[in-house]
Each structure stands twice: as structure tokens, then as C-alpha cells.
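Reading the structure
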Amino acid sequence: MRQRVQKLMAQAGLCSRRTAEQWMLDGRVTVNGLPARPGEQADPECDCIEVDGKPLTGDGEKVYLMLNKPEGVVSASTDKRDTTVVDLVGDAYPRRELFPAGRLDKTSTGFVLLTDDGGFA
């Protein structure tokens, strides 16, 4: 199914759509070896999309992170008062909506799985 290239890049977790458009204008993105233009559509199954000479990957791939939760950190995606397990990951996985699969008390330590795969969790 054909989609806008910048949408495919955002879905792959590479960057935002706006950033993808800028990268296209900068000549960093190609489709089948030709420079991509903002708004251009491509089929990720048939077309070769490259960013900085590397194939676009990650479309549909999910993230699974093992984290050793320290004491004092809450098992949540967001919290106005406390540091969360998602805060610990920082900017390592931009454009991903990670959340903990399971919970540990704030005073507990141990394994927590972070993912963006709702079906798995």
C-alpha cells in the first residue's frame, strides 16, 4: 500500500514527519535511487527507500527493552511528581510510545519490560 514517504519514516521511528520533509529537501532521502520530494508516495513492500544511503527499516517493528528498575522510580509512562521507567530510557528511542508491561512498586527493584507493542503487553 502506497503511503507518503515522510509518514513511513515516522512510523519506522526514525524522525517526525516534519523532520522527514526537511531531510527530503536536504537530499538525504531517496526512493528507488532518485531524490524523494515531500508528499511523494512509496510502497514499502516494493520500493527501495533509503535515508543517508541506508535502507529504511523499522516499519512495523516493535521495541522490547529489558530494564532493571531502581528503587524510587515508578512503573509508569508519565508521572508529574516522580521519575518513571520511561524517563530512564530518555531520548534513546525517539518517536516511540513506550510503556511498561507490568508493574513494580516504587520501593521495589527488578526487571521491567518496556515496549510499544500493546498486543504483546
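Up top is the structure.
Below you will find a few notes about this structure. This is a predicted model, so every value here is computed, not measured.

Time to look at the sheet that holds strand S7 (residues 64-69). Taken together, the 3 strands give an open sheet; going across it, the order is S7-S9-S8, and neighbouring strands pair in antiparallel fashion. Every interior strand has two partners, whereas the edge strands, S7 and strand S8 (99-101), have only one. Strand after strand, the sheet turns through a mean of 45 degrees between neighbouring axes, direction not considered. Here S7 runs beside strand S9 (residues 110-115); their pairing, made up of 6 bridges, is antiparallel. Note on S9: the bridge partner recorded for Lys69 is Gly110.

A word on the pattern of salt bridges. A complete count under the given rule lists 4 salt bridges for this structure. The partner of Asp47 in a salt bridge is Arg2, and the shortest N-O contact between them spans 3.4 Å. One end of the pair, Asp47, is in the loop between strand S4 (41-42) and strand S5 (49-51); the other, Arg2, is in the segment before strand S1 (3-4), and 45 residues separate them in sequence. Exposure remark for Asp47: the relative accessible area of 18% places this residue in the buried category. Note on Arg2: relative accessible area 48%, which makes it partly exposed.

Turning our eyes to something else, we now look at the sheet that holds S5. The 4 strands are arranged S3-S2-S5-S6 in an open sheet whose pairing can be described as antiparallel. Looking at the sheet topology across the chains shown, the edges are occupied by strand S3 (34-35) and strand S6 (54-55). Bridging between strand S2 (residues 29-31) and S5 involves 3 bridges; their strand directions are antiparallel. If you follow Thr30 over to S5, its bridge partner there is Glu50.

By the burial criterion, the buried members of helix H2 (residues 17-25) are Ala20, Trp23 and Met24. The arc enclosing the buried residues of H2, seen along the axis, measures out at 100 degrees, which places them on a common side. Away from its buried face by more than 90 degrees, H2 exposes Arg18 and Leu25. Residues of H2 that are buried make contact with helix H1 (5-11), S2 and S5.

Below, the discussion takes up the environment of Pro100. Here Pro100 lies in strand S8. Each C-alpha atom, one on Pro100 and one on Val85, is 7.3 Å from the other, the two residues being 15 residues apart in sequence. Setting aside chain neighbours within four positions, we find Pro100 in contact with Ser75, Ala76, Ser77, Val85, Val86, Val112, Leu113 and Leu114.

As enumerated under the stated definition, the model contains 0 aromatic pairs in all. The ring of Trp23 has Arg28 lying over it, and the distance from NZ or CZ to the ring centre is 4.1 Å.

Another point: the environment of Gln41. Note that Gln41 resides in strand S4. When the C-alpha positions of Gln41 and Val5 are compared, they lie 5.5 Å apart, and in sequence the two are 36 residues distant. When residues no more than four places from it in sequence are discounted, the contact partners of Gln41 are Arg2, Gln3, Arg4 and Val5.

Rules used throughout
Residues numbered from 1 in each chain as written. Predicted model: local features only at pLDDT ≥ 70, side-chain atom pairs only at ≥ 80, totals over all residues. Heavy atoms only, no water. Pairing = 2+ DSSP bridges. Helix = DSSP H or I, 4+ residues; strand = E, 2+ residues; numbered from the N terminus. Axes fitted to C-alpha atoms, helices over the stretch in contact; angles between N-to-C directions. Salt bridge = Lys/Arg side-chain N within 4 Å of Asp/Glu carboxyl O. Buried < 20%, exposed > 50% of the residue type's maximum accessible area, 1.4 Å probe, protein only. Arc of directions from axis to C-beta. Contact = heavy atoms within 4.5 Å. Phe/Tyr/Trp six-rings, centres within 6.5 Å; stacked < 30°, edge-to-face > 60°. Lys NZ or Arg CZ within 6 Å of the ring centre and 35° of its normal.

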